[in-house]
Amino acid sequence: MKRGQEPVTDKIIEFLSKNERISQIDDTSYKKYYAGKKYQYLFEFNYSLPDRVIPMVFGIPANWDTALMDFYIKDYKEFPYIPHMGDKGLLCLCDIESVLIGKDFFGILGQLITRMESIIISGIKGENVVDFIEEFQSYWRLLPNVKTLKSFVKIETHSKIIKYSDNRKFATKDKGRTYIDYLQKQNNYTFFASDTSNEFKLYGEKINPQKNGLYIFIKSSTFIVPPDWRRSITHQYVNDLINHPSVSKKEIDKYLGKCQNHVLIIFGILQPNATITTFGVYISDISYSVDENRIIVNPSASIIPCTLYRCDREFLLDRGGINHSLEGYKLLVIGCGSIGGYLISELVKTGFSHIDIVDNDLLKEENIYRHLLGMEYVNNYKSVAISEYLTKNFTGIDIISHVDTIENLLQDETLSLEHFDIIISAVGSHNVNRWINQYVHKNQIRKPVIYLWNEVLGIGNHVAIFSTEYAGCYECLLSEDDEGIYVRPSYCKRGQLFTRRLQGCGSSFLPYSSTNSLTVVVQAVKSIIDYIEGKITDNFLISIKGDEGYMLKAGFTPSDRFYKQKEKVIMVEGKKIYNKDCECCKRMRGN
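Residues numbered from 1 in each chain as written. Predicted model: local features only at pLDDT ≥ 70, side-chain atom pairs only at ≥ 80, totals over all residues. Heavy atoms only, no water.

Draft legend 1. Just the confidence of the model for the chain, in detail. Across the chain, the average pLDDT comes to 90, with 92% of residues at or above 70. Low pLDDT (under 50) marks residues 1-6, which in the prediction has 16 contacts with non-local residues, meaning those over four places away or in another chain. In the predicted structure, residues 501-509 sits below a pLDDT of 50 and forms twelve contacts with residues beyond four places in sequence or in another chain. (pLDDT = per-residue confidence, 0-100. Contact = heavy atoms within 4.5 Å.)

Draft legend 2. Spatial organisation of the pairing of strand β7 (residues 147-151). Only one face of β7 is covered, namely the one carrying K147, L149 and S151; the face carrying T148 and K150 has none of its residues buried. Where β7 and strand β15 (residues 302-310) come together, five bridges link them in parallel fashion. In the sheet register, S151 faces β15, and the bridge partner there is R310. Two strands pair when backbone bridges link them, and β7 and strand β9 (residues 190-194) are joined in this way by four bridges, in the parallel orientation. If you follow K150 over to β9, its bridge partner there is F192. (Buried < 20%, exposed > 50% of the residue type's maximum accessible area, 1.4 Å probe, protein only. Helix = DSSP H or I, 4+ residues; strand = E, 2+ residues; numbered from the N terminus. Pairing = 2+ DSSP bridges.)

Draft legend 3. A look at the packing of helix α10 (residues 338-350) against helix α14 (residues 514-532). Viewed as axis vectors pointing N to C, α10 and α14 meet at an angle of 45°, and their least axial separation amounts to 9 Å. The angle between α10 and α14 falls in the class oblique. At the point where α10 passes α14, the crossing takes the right-handed sense. Residues S338, I339, Y342, L343, E346, L347 and T350 of α10 lie in contact with α14, whose contacting residues are S514, S517, L518, V520, V521, A524, V525, I528 and I529. (Axes fitted to C-alpha atoms, helices over the stretch in contact; angles between N-to-C directions. Parallel < 35°, antiparallel > 145°, perpendicular 65-115°, else oblique. Left-handed = near helix turned anticlockwise from the far one by under 90°.)

Draft legend 4. Region of interest: the sheet that holds strand β18 (residues 398-402). An order of β18-β17-β16-β19-β20-β21-β26-β27 is seen for the eight strands of this open sheet, with the pairing classed as mixed. Only two strands of the sheet have a single partner each, and these edge strands are β18 and β27 (569-573). Recorded for the sheet is a direction-independent mean angle of 15° between the axes of neighbouring strands. Across five bridges, the pairing between strand β16 (residues 330-334) and strand β17 (residues 354-358) is parallel. Looking across to β17, one finds that L331 is bridged to I355. Where helix α11 (residues 382-393) meets the sheet, it contacts β17 and β18, and its direction lies at approximately 165° from that of β18.

Draft legend 5. Here's a closer look at the sheet that holds strand β4 (residues 41-49). Spatial strand order, β1-β4-β5-β6: four strands in an open sheet with antiparallel pairing. Here the strands that pair on one side only, and so sit at the sheet edges, are β1 (22-27) and β6 (70-73). Taking the axes of each pair of neighbouring strands and ignoring which way they run, one obtains an average angle of 25° across the sheet. Pairing of β4 with strand β5 (residues 52-60), which is carried by nine bridges, proceeds in the antiparallel orientation. The residue of β5 that forms the bridge with N46 is P55. This element, helix α1 (residues 9-17), spans β1, β4 and β5 of the sheet and lies at about 165° to β1. Taken strand by strand, helix α3 (residues 105-125) contacts β4, β5 and β6, and its axis lies near 40° from that of β4.

Draft legend 6. View of the state of the cysteines. With the rule as written, the count across this model stands at zero disulfides. No disulfide involves C584; its sulfur sits 4.7 Å from that of C582, the nearest cysteine. Under the relative-accessibility criterion, C584 is labelled buried at 4%. (Disulfide = S-S within 2.5 Å.)

Draft legend 7. Representation of the pairing of β15. Where burial is concerned, most of β15 is hidden: seven out of the nine residues are buried. With five bridges connecting them, strand β12 (residues 276-284) and β15 associate as antiparallel partners. Counted as the bridge partner of G280 is C306 from β15.

Draft legend 8. Just the side chain of N19, in detail. Of note, N19 is situated in the loop between α1 and β1. With a relative accessible area of 16%, N19 lands in the buried category. Within the structure, the side chain of N19 is placed 2.9 Å from the backbone nitrogen of R21, a separation counted as a polar contact. (Polar contact = N/O pair within 3.5 Å; in protein donor to acceptor, adjacent residues only side chain to side chain.)

Draft legend 9. Molecular detail of a nonpolar patch on the surface. A contiguous nonpolar surface patch, about 220 Å² in accessible area, is contributed by Y381, V384 and V403. Considering the arrangement of structural elements, one finds V384 in helix α11. (Patch = residues over 30% accessible without salt bridge, like charges linked within 9 Å, V, L, I, M, F, W, Y side chains within 5 Å. Areas by Shrake-Rupley, 256 points an atom, 1.4 Å probe, with all protein chains shown as cover. Salt bridge = Lys/Arg side-chain N within 4 Å of Asp/Glu carboxyl O.)

Draft legend 10. Seen up close, the nonpolar core. Ranked by internal contacts, the top residues of the largest apolar core, which has 65 residues, are M56, F58, F71, L91, M116, F267 and I283. With sequence-adjacent residues up to four places away left out, I283 is seen in contact with V238, N261, H262, V263, I265, V297, A301, S302 and I303. Counting 38 residues, the second largest nonpolar core, distinct from the first, contains Y377, I465, V525 and I536. (Core = buried A, V, L, I, M, F, W, Y, C linked by side-chain atoms within 4.5 Å.)

Draft legend 11. Seen up close, the side chain of T28. If you trace the backbone, T28 turns up in the loop between β1 and β2 (33-34). In this structure T28 comes out as buried when scored by relative accessible area, which is 3%. For T28, the residues in contact, after removing those within four places along its chain, are L42, F43 and E44.

Structure follows, in structure tokens:
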């Protein structure tokens, strides 16, 4: 049935009646709502199995072609505990995000009924217990009185002491506030946990003093399923976890001795299918006894389940589809302006965790619309501000800022290029880049240097990678004639002055936007990864052709190279860049 053609009630009833297990179908569309959700059509029916009759509710929303349809087990509180049955008895038939929904109404309905039957029958028979494991967190967060736990704790294969805190406010009952409001404010809090104290600062909010908690690792040969969310978590469930055969009771007794009478415990369970299940419990007024090599949490202790949201670096990197092998590389980024700021941020998000950054310039108001940082960091040194911003927002990174020029840092031996795996120049100055290139060749630095720069008014961008192991260098990109020195791959015709001044001397800048910087940054990050993965075995220049519209509108002229380049992106190999008269290349090769 196509969108716009209303499903007819009697046709839907007729379709449902074709299933021999479905009977006593009743149209209850007049109710409009079920389980707090609005439906265009509602039906109740019985679904019969040999040993039971299951009352069910079927709802069709107006937007069924984007949200599908819903089936509920009406008496869900008395129904057996099965996978895929959620709040109010709603059956989770499929993951909407991963399904492309067609327009055939009855075709879709038939598929959903088949899925509904499979869930119910397999669940009752215990054939799909593994589905509990795949959706463990979904059931855990439905438990009564559940709290949120944001955890930076590294999931390891051994138990350990951790740190935890919360942002609970011990509120007083204000005049005019109802007692219910007071209780809600008291109970609205989040737990935080970490291996160290550093991560607690990331959220920038006031939290209570840190305490010792416990991480318990369990390796189970049988599936450990979530407790029935329709009832409160039991002491028996927690005691069984603590006393799992894979857990050292002596070790846990020692760790609990280092905790106070309130303790947060995080469980990391390696299930038989290699899935890692994580969740927490907060035990208030804990008292326990050790009897026959068992640790028993006494019934008087209060247990609060905690839904764990992993914030540890390993999980977040995996969530971002990042290669963990990048973490060990040490990078040097020179220049923290428009290109450098975005580049450093993307390198962190790509998985690099050890980056030194160099810049001695202050961030000004005039920078913010083409820079990573905004007004909060105006009048701060760019390198210091970027380091602060990133370490405040990302875990497990080491960003070291240097407020100086690269020339001073190298000449004073504050930095050594040999210390880094890759050097990146994002200064956008050909003069500084030439100095770096000369320094690298003079000192025979065997590390690759990547140069990034924008051309003005969106006309194009360039990424060049040069290593002394291969032919060509940055100096080879330049030529000189009677008119002076010029950059051969430039997209701009020679003899034009592009710098602008808004406030007199010392305020000169080249006009380009943040999108131009992002373009070259994306290409640079790809080139860096390609180099690390061994896909690059030569020097090269990548030129990204932009659009000439803004340049022509401003009264400037593109170069012949711009018009001759037909492709959006071209790559020129180092041997084609190589200039036999280049003094840097001669020196390196002993000529």
